[in-house]
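So you can see what is in the structure, the chains are spelled out below.
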Amino acid sequence: MPATATSAAEPRRRIRPSYIYASATLLLVVAALLAAADTGEKAGRLGDWQAFALGVTQGLTELLPISSSGHLILVPWLANWHYLENHADFNKTFDVALHLGTLIAVVVYFWADVARYVGAWFVSVRRRAVTTTDERIAWWIFAATIPTAIAGAAGEETIETRLGQPYQIAIFLAVFGVLLWLVDRLPEERRIGQLGFQRAFLVGISQILALMPGVSRSGITITSGRLARLDRDSAARFAFLLLIPIVFGAVVYKGIKHVVLHSLPAGSIGPFLVGTLAAAGVGLVVIDLLLGYVRRHDYSAFVVYRLLAAAAILAVIASGWRTAHFG
């Protein structure tokens, strides 16, 4: 069945662009005003404008196939910000805030799909049968989430510590960028509703690689989706849908572990609010732009960016401007 065929699994409604950009603008303006007012800021802590920059970085890179975890290391490395590097507890809680921002953006943008698939999943559980395409997709998303959830809970922090150095990020950006380019040459044959349980589960397994900074969760999901012959729009859409349970689980897990069970460091409120709002605002725009872009183009632009970024990182290290290690 060609990718152009209609499917009950395809989105039926789309948020008006005017709502998306108005909401994004409001969120960014509020974040900027809070930063300008030094809300909750304390001397010697992460500044509100630094939080704003990192929130924008999160909103851009979590949803594009270019690695958010890698860029959240690279930006402080290039800017010579050492607070997060030297305060691991604050870094962990601030990471929760940034991911909450992009989670809000994805849930808001795909609310109609989220409600449909969650409802379909509960219906299938109650009926003890999977009969519709929406129910099958709901179970595919559920199954694809399990491998990453287990791997993330078991060793995400250890992996990021061992494989989160700038030169390693450069290598992962380049290698997985080339891999994305190669699989993106494959024909577009399927939409999400034609993916199948086995392919969906393999896409979920591939996300374990995204625990390495520089790989990119959306990038590896899109890569494995294209390997499964999803069309480009469906590969991006499936990556966003998978992000919701994974990031929601991570936010809840890390939120309980690092925020609820431990008191927040002094001076956290301002950066948390600013970073979350900035990530959500930029995330809304990025989702809309990416989905519009891949309906007309392939992923080569992101591959080129990854290769240029990798070359720039190595050039910075070779020049001696920054060391090869950070943190």
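This text goes with the structure placed above it.
Let us now look at the overall build of the chain. Within the chain one finds 13 helices and zero strands. Helices and strands in the chain line up, N terminus first, as α-α-α-α-α-α-α-α-α-α-α-α-α. Each principal axis of the C-alpha atoms in the chain carries an extent, and together these give about 60 × 40 × 40 Å. The buried share among the 327 residues of the chain stands at 52%. For the chain, the share of sequence-separated contacts (at least 6 apart) that also reach a separation of at least 24 residues comes to 83%. Counting every atom, the chain has about 14,500 Å² of accessible surface; 68% of that belongs to carbon and sulfur. With 28 positive and 21 negative side-chain charges, the chain shows a separation of 7 Å between the mean positions of the two kinds.

Let us now look at the pattern of salt bridges. This model, assessed by the stated rule, comprises 13 salt bridges. Between D113 and R237 there is a salt bridge, and its shortest N-O distance comes to 3.9 Å. You can see D113 sitting in helix α6 (residues 111-127) and its partner R237 sitting in helix α11 (residues 232-260), a full 124 residues away along the chain. The class for R237 is buried, based on a relative accessible area of 8%. Between D233 and R295 there is a salt bridge, with its nearest N and O atoms 3.4 Å apart.

The next subject is unusual backbone geometry. Phi is positive for N80, which is not a glycine, with a value near 65°. Tracing the sequence through the fold places N80 in the loop between α3 (68-79) and α4 (83-86). Even without a glycine there, the phi angle at R229 is positive, about 70°. Among the structural elements, R229 can be located in the loop between α10 (217-227) and α11.

Next up on the list: the environment of V247. Its place among the elements puts V247 in helix α11. C-alpha separation for the pair V247 and A228, spaced 19 residues apart in sequence, amounts to 23 Å. Excluding anything up to four places from it in sequence, V247 contacts E62, H99, L103 and R217.

In the structure shown here, the tally under the stated rule is 15 aromatic pairs. A centroid spacing of 6.1 Å and a plane angle of 20° characterise the contact between F90 and F94, whose relative ring orientation is stacked. Here the residue F90 and the residue F94 both occupy positions in helix α5 (residues 88-109), the gap between them amounting to four residues, near one helical turn. F90 sits in the buried class, given a relative accessible area of 2%. Ring centres 6.2 Å apart and planes at 45° place the aromatic pair F94 and F272 in the tilted group. Note that F94 is positioned in helix α5 and F272 in helix α12 (residues 269-294), a separation of 178 residues in sequence. Side by side, F94 and F272 carry an identical accessibility label, which is buried. Ring pairing ties together the aromatic residues Y83, F90, F94 and F272, which thus form one cluster. When the ring centre of W321 is taken as reference, the NZ or CZ atom of R322 above it lies at 4.4 Å.

Criteria and thresholds
- Residues numbered from 1 in each chain as written.
- Predicted model: local features only at pLDDT ≥ 70, side-chain atom pairs only at ≥ 80, totals over all residues.
- Heavy atoms only, no water.
- Helix = DSSP H or I, 4+ residues; strand = E, 2+ residues; numbered from the N terminus.
- Buried < 20%, exposed > 50% of the residue type's maximum accessible area, 1.4 Å probe, protein only.
- Contact = heavy atoms within 4.5 Å.
- Areas by Shrake-Rupley, 256 points an atom, 1.4 Å probe, with all protein chains shown as cover.
- Lys, Arg positive; Asp, Glu negative; His and termini not counted.
- Charge placed at Lys NZ, Arg CZ, Asp CG, Glu CD.
- Salt bridge = Lys/Arg side-chain N within 4 Å of Asp/Glu carboxyl O.
- Phe/Tyr/Trp six-rings, centres within 6.5 Å; stacked < 30°, edge-to-face > 60°.
- Lys NZ or Arg CZ within 6 Å of the ring centre and 35° of its normal.

Any functional reading would require information beyond the geometric quantities listed.
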